[in-house]
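Observations on the three-dimensional arrangement
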Amino acid sequence: MNLSKNPNLRRYLWPCAGLLVLLVINAIIAPEFFNIEFKDGRFYGSLIDVLNRAAPVALLAIGMSLVIATAGVDLSVGSIMAIAGAVSAYYITKGVDNLALIIGAGLIAGLIAGIVNGFLVGYMSIQPIVATLILMVAGRGIAQLINEGQIVTFDHPGFAFLGTGTFLGLPFPVVLVIITLAIVQLLTRRTALGLYIEAVGANPSASHYMGLNAKAIKMSVYCVAALCAALAGMIAAADIRGSDANNAGLWLELDAILAVVIGGASLMGGRFSIFLAIIGALIIQTLTVTIILSGIPPKFNLLIKASAIIFVLLLQSPLFQQQLAQLRFRKKATAATNNSKEAKSA
Amino acid sequence: MNTTPVLQLKGIHKIFPSVHALKGVNFTLRAGEIHALLGENGAGKSTLIKVMTGVYQRDGGDILLDGQPIFPNNTGDAQALGVSTVYQEVNLLPNLTVAQNIYLGREPRRFGLINWGKVNRDAQELLKGYDLDIDVTLPLSSYSIAVQQLIAIARGVDMSAKVLILDEPTASLDADEVQSLFRIMRDLKARGIGIVFVTHFLDQVYAVCDRITVLRSAQLVGEFETATLSRPELIGHMLGKELAALGEHKPPVTSACGDALLTVKGIGRTATLSPTDIQVCKGEVVGLAGLLGSGRTELCRLIFGVDKKQAGTVNFNGKEVNFSSPRDAITAGMGLCPEDRKHDGILGQLSIRENMILARQIKQGWWKFISRKEQEEIANQYVKELSIATSDIEKPIEQLSGGNQQKVILARWLAANPSLLILDEPTRGIDIGAHAEIIRLIRKLCDQGLALIVASSELEELVAFSSSVIVLRDRSKVAELEGDEINPQQIMQAIAAS
Amino acid sequence: MLNRKFIPLAITCCLFCLLFGIGSIQFEGFGTPRVFFNLLSDNAFLIIAAVGMTFVILSGGIDLSVGAVIALTGVVCSVLISKYQWHPLVVFPVVLIGGTAFGAIMGAIIHYYKMQPFIVTLAGMFFARGLASVISEESIPIEHEFYNQVSMFGFEILGDAWIGSSTIICLMVLVVAIISAHYTRFGGRVYAIGGDANSAALMGIPLAATTIRIYAISAFLATLSGIVYSFYTFSGYSLAAVGVELDAIAAVVIGGTLLTGGYGYMVGTLMGVLIMGVVQTYISFDGTLSSWWTKIVIGLLLFCFIALQQLLARVKPK
């Protein structure tokens, strides 16, 4: 099949190529990058590290890609991470030992937050940026309130497994991302939900004429995003065996949005792909590693990230594409005239 | 009367990527006249206006203002030259005060700062000239559309307008408001301003206009003196029917209709449609005739539950139904192809396949997923059946031509297997080949036992397939034609009668 | 009759008086000019940044780069002054011009490439923080005689209320902002774009120039805010002022400005910051309440004001 002609395949081309280029660069500057060892029942290596570190953002990006597909955005996922972490830490420190209860409590806390967001956006028609800003600001306060501002630490091997455990040789957060990916993929692509989400994002008015209930769909995507965030928050808490309401998930909402944008999704809504969102998250993490490996001081991290974002955004802009095309055209034109001159002189 | 032209457009062309929207149109506006610009949807009226006001740049032809060629690049340029426009939806700023709206961008200043006292006094004074004595310090949104429109006119004229373009200003006004608008228009005319008046109310054209220019299918039909042009002639020019060569009309057997599939009694909604009856049987097409704004679209939307009806009963498939959203109507077995294909019809980014199966999917419910294989079968089947010109069902629908997009939307509803299909202007803005195919398709569907309601401004079309035609004017039903009565002359008479 | 557009502003003012009143009744030494003027001087940098944000939000946009610009300003100032021994009076114009250019570029990208303000300024935020940390990851102290003099400058009024240099700067900014928002053609254009950018363009408003200017002003004020911020800290640190953009947005909304643009007043923003300050002061006077209540209360206030605006927008006057 012709790759450049098929729009669906073409969407995968650029993000995947970007990730590949970064990986190749890593392999060149540090050949040991691809070394993977199997020791004590788990894999070790830079690649595994990248996967493990990218896990929280990847989880957020899964939910965020659904939200962005409906032409929305969820700024509160970082705060929801903090809330979920704080809630599970609270129950552990209160002596609850049942892992299902602890995780369930964290997820329910996330779900409530998602319902609040979904209600504000779907049913009160408040702009998504504004609606989720409320929980972004208040959520961190609520997270602090739960454990009265303390950084709670705990010792619960079962819960800690979420962040540091190993399953089938892989870090457990990576396994959780894969499971979440599978569930959300099933939910959106083996039912019509994914198509509905894309329809509402692509043309809300036409969707209305076809009888789609945009309110319910928006509610559901904000709930999924919040559940993903809650899971990410519990992984983060399990990782440090404690809950730090101030710093858990701080600014990760922005990384998640970036991951989705780098994955090629339009902020105006429509098409989404959670695979591409995860690739976006991997690109962000790999880029960080590339910077470290290439000997550029880590302080350049943010600057390079910012430049990458601006570049990706510009690539998506129709005007910029047009300008690029004109540039190329002009080059070709001058090349052509040069050729003809050469031909003449010859 | 002064006959010097103030604004002349000569051989204007405008080409969009997919459409040739104006094909060498001429237009002449004299100083001190009210000149109606008429035409049905897609005739090119609004494109022509946008070319005059600099929103679009012309791709050919000349614009002369007082004999001098002008090249407005944006509305600011046009305004500075003396061409002002007032739109139906009043393009002023609801959040600013009335006075601010009038003087925005040219506020009188003192010591570099805006002199609000003077702004408000001047605005008050200016509006008195338009019989408006209102508090100019309140936000514009505090006033009715009619008042806002007058404010917009006042702003336009005060900015030294030579030419004032009124784009459907009366669409949302009541009779008294229209009269006061006319008074103002005559006033301005007496002051030597040339007014272009776009409307779809023919009564209003005859009430105030001196001359009429008619556009159809991106071309100029002609320029006429209002006094010497009869109403049926005018409608003939607009709808383009020279009352000949109408194709074979084979009136379907209407009497055989035992029990109606859809019986609507007294359906209505305030300011939208006065109570209207309509009955549709299996295997027949009911045509809705009328000009733009006559209530055609409104009737379709009310039946389908897009707008909630306030009065009347709907009986469908032997049951009384009360739709509160399109979803209910779809579940009951209806489908609606809306008039504005781009805004309400296609899901631009999504593929042809997805656009086609969505309505069926929604009817089935989200958990009963139509498998990819089944989707492809459905899509391929309809691509073949409706001869949709595409190489690939995975192509985004926005890449298709208008006619093919329309066929995809039709396929969308056919795939949902409805018993009643409502088509609102199914042939608007599509090329002649596709046009004929869609008409053929409607006949075929009808033969297969589907019931259809088709709203159209193409009389030829209605005559070709309708077994009865309902004529609407000014948001109410004025006639119902059956059998031999269905011919362009009679439909036109029903539309025109006053 | 109270004009509808004043309702949110009126509520904001009443709310401030109410909160201040409750504090005064409950705690000794709360209801004094000293506490009031401390609200101003403690939050001067936030007021300045929020004024810039008000212009942006009035036009229907948003600027997430404010906090990062404040940090970058601090870092650049401290490096130029401490490392290169420039005089602050030379440094200030340089950073102000640089900051303004930064905002103008963001505005230009937003306008010409038709991108959402939030994503562009988000990239701007990363860029400014990144640049700041590239210049220095450590906090750099500012040691200059002039800095001490400026930050010490001030006088007492009404007994023991202190008016310092930051208060003076912030009040000056506020006055200029009020004048330009309500008494210049530029101000009218900002409101016009926020009301309906399409109509504004049809009415002949230059969209490009206005948009670029709005973001340039916001960045200019963020830079100025960064300078004032360095009067408190005597240092520049790339991780300073994290989240100030959120505080600024919250202040603007609580001040009664519509987040979708078009409605609002500069004075409201001042009141918004003061309300947030009062909540903080109340919590610190109380002693038993903890700091996180500030965030929760601000979140609740945000919700109330947004809901109120939604309500006002729905109940259209007949």
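See the structure printed just above.
For the structure given in this document, a descriptive report is provided here.

Cut-offs and rules
Residue positions are given per chain, counted from 1 along the sequence in the order it is written. Going through the entries in the order they are written, you letter the chains from A and number the ligands from 1. Per-residue local features of the predicted model are confined to residues with pLDDT of at least 70, and side-chain atom pairs are confined, for both listing and counting, to 80 or more; whole-chain, interface and lining totals are unaffected and use all residues. Strands here are runs of E lasting at least two residues and helices are runs of H or I lasting at least four, both read from the DSSP assignment and numbered beginning at the N terminus. Only the C-alpha atoms count toward the radius of gyration. The rule for a globule is 2.2 Å times the residue count to the power 0.38. Put simply, a residue is buried when 20 or more other C-beta atoms lie within 10 Å of its own C-beta and exposed when 12 or fewer do; between those, it is partly exposed, and each C-beta is set from the backbone. Contact between two residues is assigned whenever their backbone-derived C-beta positions fall within 7 Å. Think of it as three bins: nonpolar holds Ala, Val, Leu, Ile, Met, Phe, Trp, Tyr, Cys and Pro, charged holds Asp, Glu, Lys and Arg, and polar takes everything else, Gly as well. Among buried residues, those of type Ala, Val, Leu, Ile, Met, Phe, Trp, Tyr and Cys that are joined through C-beta atoms within 7 Å form a set called a nonpolar core. Any helix carries an expected span of 1.5 Å times its number of residues minus one. Here the bend at a residue means the angle between the axes of two seven-residue stretches, the one that ends at it and the one that starts at it. A strand pair is defined by DSSP finding two or more bridges across the two strands.

Helices and strands together make up the secondary structure of chain A, namely 14 helices and six strands. In summary, chain A has a C-alpha radius of gyration of 22 Å against a globular reference of 20 Å for 346 residues, a match within 12%. Taken along the three principal axes of its C-alpha coordinates, chain A extends 90 × 55 × 35 Å. Scored against the burial criterion, the 346 residues of chain A give a buried share of 52%.

What follows concerns the interface of chain B and chain A. Each partner contributes residues to the interface: chain B has 25 residues there, and chain A has 23 residues. By residue number, the principal contributor to the side of chain B that touches chain A is helix α12 (residues 352–364) of chain B, which donates five residues. In terms of residue class, the side of chain B that touches chain A is made up of 15 nonpolar, six polar and four charged.

What follows concerns the nonpolar core. Ranked by size, the top nonpolar core spans 386 residues in total, and within it Ala61 of chain A together with Ala49 of chain C carry the most contacts. Per-element accounting of this core gives the leading share, 18 residues, to helix α10 (residues 214–240) of chain A. In this view, Ala49 of chain C contacts Val66, Ile70, Leu221, Ala222, Ser225, Val244 and Ala248 of chain C; residues no more than four positions away in its chain are not counted.

All names here are of chain A. Taking 1.5 Å per residue, 24 residues should reach 34 Å; helix α2 (residues 46–69) reaches 32 Å between its end C-alpha atoms and fits that length. In α2, a bend of some 50° at Ala55 exceeds every other bend along the element, and Pro56, a proline, comes one to four places later. With 20 of its 24 residues buried, α2 lies for the most part within the structure.

For interface size, the figure often reported is the accessible area lost on association. If you look at the interface, chain C gives 35 residues, while chain A gives 31 residues. Elements with a minimum of two residues in the side of chain C that touches chain A: α6 (117–135), α12 (244–254) and α14 (292–314) of chain C. Of the residues in the side of chain C that touches chain A, the class split is 24 nonpolar, seven polar and four charged.

Residues and elements named next belong to chain B. The pairing of strand β1 (residues 5–15) with strand β2 (residues 20–30) spans eight bridges and is classified as antiparallel. Directly across from His13, in β2, lies its bridge partner Lys23. In this structure, β1 lies alongside strand β4 (residues 60–65), joined through five bridges in antiparallel fashion. From the neighbouring strand, Gln8 faces β4, where its bridge partner is Leu64.

With that settled, consider unusual backbone geometry. Unlike most non-glycine residues, Arg241 of chain A shows phi in positive territory, near 50°. Structurally, the position occupied by Arg241 of chain A is in the loop between α10 and β6 (242–243). Among the residues examined, Arg241 of chain A registers 18 C-beta atoms within 10 Å and is labelled partly exposed. Phi at Asp474 of chain B is positive, roughly 45°, even though this residue is not glycine. By secondary structure assignment, the location of Asp474 of chain B is in the loop between β21 (468–473) and β22 (476–482). You can call Asp474 of chain B partly exposed: it has 14 C-beta atoms within 10 Å.

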